[in-house]
Amino acid sequence: MDQAESLRRLMNQSSEARVIAVASGKGGVGKSNLCVNIAISLQTTGERTVILDMDSGMGNVDVIMGVQQAHHLLDMIKLRLPVWDVIETTSYGISYIAGGTGLSEMASFSQEDLSYFQQQLQTLAGHFDYIFLDLGAGVTEESLELLSSANDLFIVTTPEPTALTDAYSLLKQLALLPDLPQIYAIANQTDSSREGELTLSNLSHVTKRFLNIELHKLGMVPHDRTVSKAVKSQVPYTVFQKQAKASVATKQIVDSYLSFRGTRETESESRPFFTRLGKWFNSSKRRNNQLTNKKNR
């Protein structure tokens, strides 16, 4: 273990797990696949990682990894199961929790449900260094609050104009919030390095100019037939073929992220995710009670 890696381990041991939300403006940009493979690449550096599939009704993290689960987050809340009963340890070295339709039903959860959810998720903080939230495409009130509560946000886009427009729209919604996570941008499915760099530069430029949000360019993943073959085999592409272009590029993204964290102290270092999540749960419940009272008048 080199000096830089030892320092990263020390940083993680002294604080709660770092939460990374992974999002996109639209579907079809390879967000979930990238999330899985980034988590696996991060795990190979010695970090303990877990993915929470929060893509309500459309989650496919299990398909990408070829795993099946008997329970998901909604079962954990409704049946009061401990989080360890719904977590799956994969053969790839990372852990995974299926979301089911949990996120879409959060608005109807009781205060006791939300408190139990927060309590169980918080137990993960002492067992993992990184918690990935794989969120659905686009933005909802629930996903917006999770995005804003995370330590870091990875925005995944492709060079297609529709993907870039929708990524900007998501960031525009985030810009309305008073406190933002550290935001990183990744260009996926690029035809060339130049196209990937242009994609990230354009998104970074308009975001800084019109929203006053600074995006950190993490890197790009090129079009690679290996990715499609891996998906069909239900094996993550970084495992399916480690030297494939997409695998090497994903490893470079992880190295870039760890390098950025190791050389620059950011405000998001002191963002306690679970405390912020609890505050959102409380405010969400108050809003629901107010709506119920109005309907009953």
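Residues numbered from 1 in each chain as written. Predicted model: local features only at pLDDT ≥ 70, side-chain atom pairs only at ≥ 80, totals over all residues. Heavy atoms only, no water.

Visitor: Sorry if this is basic, but what is going on with the overall build of the protein here?
Guide: Broken down by element type, the protein carries 12 helices and eight strands. When the 297 residues of the protein are sorted by exposure, 52% land in the buried category. The long-range share in the protein, meaning contacts at least 24 apart out of those at least 6 apart in sequence, stands at 80%. On the protein, roughly 13700 Å² of surface is accessible, and the fraction owed to carbon and sulfur atoms is 49%. (Helix = DSSP H or I, 4+ residues; strand = E, 2+ residues; numbered from the N terminus. Buried < 20%, exposed > 50% of the residue type's maximum accessible area, 1.4 Å probe, protein only. Contact = heavy atoms within 4.5 Å. Areas by Shrake-Rupley, 256 points an atom, 1.4 Å probe, with all protein chains shown as cover.)

Visitor: Explain the confidence of the model for the protein here, please?
Guide: Detailed reading of the predicted model is not advised wherever pLDDT is low. Taken residue by residue, the protein gives an average pLDDT of 84. The fraction at 70 or more is 79%. The lowest-confidence element of the protein is helix 1 (residues 3-13), averaging 41 in pLDDT; the highest-confidence one is helix 10 (residues 237-240), averaging 98. Within the model, pLDDT remains below 50 along residues 1-14, and this stretch shows 16 contacts once partners closer than five positions in the same chain are excluded. (pLDDT = per-residue confidence, 0-100.)

Visitor: Is there a simple way to explain the pattern of salt bridges in this structure?
Guide: Proximity of charged atoms lets side chains of opposite charge pair with each other. Across all of its chains, the model carries seven salt bridges by this definition. With its nearest N and O atoms 2.9 Å apart, the salt bridge here joins Arg 48 to Asp 129. Here Arg 48, found in the loop between helix 2 (31-43) and strand 2 (49-54), pairs with Asp 129, found in the loop between helix 5 (111-122) and strand 5 (130-135); they are 81 residues apart in sequence, far enough to count as distant. For Arg 80, the salt bridge is made with Asp 113, and the minimal N-O distance between the two is 3.0 Å. Taken together, the positions of Arg 80 in the loop between helix 4 (73-78) and strand 3 (87-89) and Asp 113 in helix 5 put the pair 33 residues apart, joining distant regions of the chain. Within the structure, one salt-bridge network assembled from shared partners comprises Lys 78, Arg 80 and Asp 113. (Salt bridge = Lys/Arg side-chain N within 4 Å of Asp/Glu carboxyl O.)

Visitor: Even after reading the chapter, I still don't get the sheet that holds strand 6 (residues 152-157), so can you show me in this structure?
Guide: Think of a sheet as strands paired side by side through backbone hydrogen bonds, with each pair either parallel or antiparallel. Spatial strand order, 3-4-2-5-1-6-7-8: eight strands in an open sheet with mixed pairing. Single-partner strands in this sheet number two, and they are strand 3 and strand 8 (215-222). Between one strand axis and the next, the sheet turns through 20 degrees on average, direction left out of account. Where strand 2 lies against strand 4 (residues 95-97), three bridges are found, and the strand directions are parallel. Pairing of Val 50 across the sheet is with Ser 95, part of strand 4. (Pairing = 2+ DSSP bridges. Axes fitted to C-alpha atoms, helices over the stretch in contact; angles between N-to-C directions.)

Visitor: How should I be thinking about the nonpolar core in this particular structure?
Guide: Note on soluble globular proteins: their nonpolar side chains tend to be buried together. By size, the foremost hydrophobic cluster in this structure holds 47 residues, and its most contacted members are Leu 52 and Leu 124. Sorting elements by how many residues they give to this core places helix 7 (residues 161-174) first, with five residues. Discounting residues that sit within four places of it in the chain, Leu 52 has contacts with Leu 73, Ile 97, Leu 121, Leu 124, Ile 131, Phe 132, Leu 133 and Asp 134. Counting residues in hydrophobic clusters, the runner-up holds 37 residues, among them Ile 20, Leu 34, Ile 51 and Ile 253. (Core = buried A, V, L, I, M, F, W, Y, C linked by side-chain atoms within 4.5 Å.)

Visitor: Got a minute to help me understand the pairing of strand 1 (residues 18-24) in this structure?
Guide: Regular strands show a simple pattern: their side chains alternate between the two faces of the sheet. Of all seven residues that make up strand 1, seven are buried, and the element is covered over most of its length. Sheet analysis places strand 1 next to strand 5, joined by five bridges and oriented parallel. Considered in strand 5, the bridge of Arg 18 is made with Tyr 130. Taken together, the five bridges between strand 1 and strand 6 define a ladder with parallel strand orientation. Paired with Ile 20 across the bridge in strand 6 is Asp 152.

Visitor: Hey, could you run me through unusual backbone geometry in this one?
Guide: Most peptide bonds are trans, and most residues other than glycine sit at a negative phi. In the Ramachandran plot, Gln 189 falls in the positive-phi region, its phi being about 60 degrees despite a non-glycine side chain. Checked against the element boundaries, Gln 189 lands in strand 7 (residues 182-190). For Gln 189, a relative accessible area of 26% corresponds to the partly exposed category. Positive phi outside glycine occurs at Gln 234, with the angle close to 55 degrees. For Gln 234, a relative accessible area of 35% puts it in the partly exposed group.

Visitor: Which parts of the structure should I look at to understand the packing of helix 7 against helix 8 (residues 193-211)?
Guide: To describe two helices that pack against each other, one gives the angle between their axes and the distance between the axes. With their axes 11 Å apart at the nearest point, helix 7 and helix 8 run at an angle of 35 degrees to one another. Viewed along their axes, helix 7 and helix 8 form a crossing whose handedness is right-handed. Across the interface between the two elements, Leu 164, Ala 167, Tyr 168, Leu 171 and Lys 172 of helix 7 pack against Thr 199, Leu 203, Val 206, Thr 207, Phe 210 and Leu 211 of helix 8. Residue classes in the contact of helix 7 with helix 8 are distributed as eight nonpolar, two polar and one charged. (Left-handed = near helix turned anticlockwise from the far one by under 90°. Nonpolar A, V, L, I, M, F, W, Y, C, P; charged D, E, K, R; others polar.)

Visitor: What is the right way to look at the environment of Arg 225 in this model?
Guide: Along the chain, Arg 225 falls in helix 9 (residues 225-233). For Arg 225, a relative accessible area of 67% gives the class exposed. Linking Arg 225 and Tyr 237, residues 12 residues apart in sequence, is a C-alpha distance of 10.0 Å.

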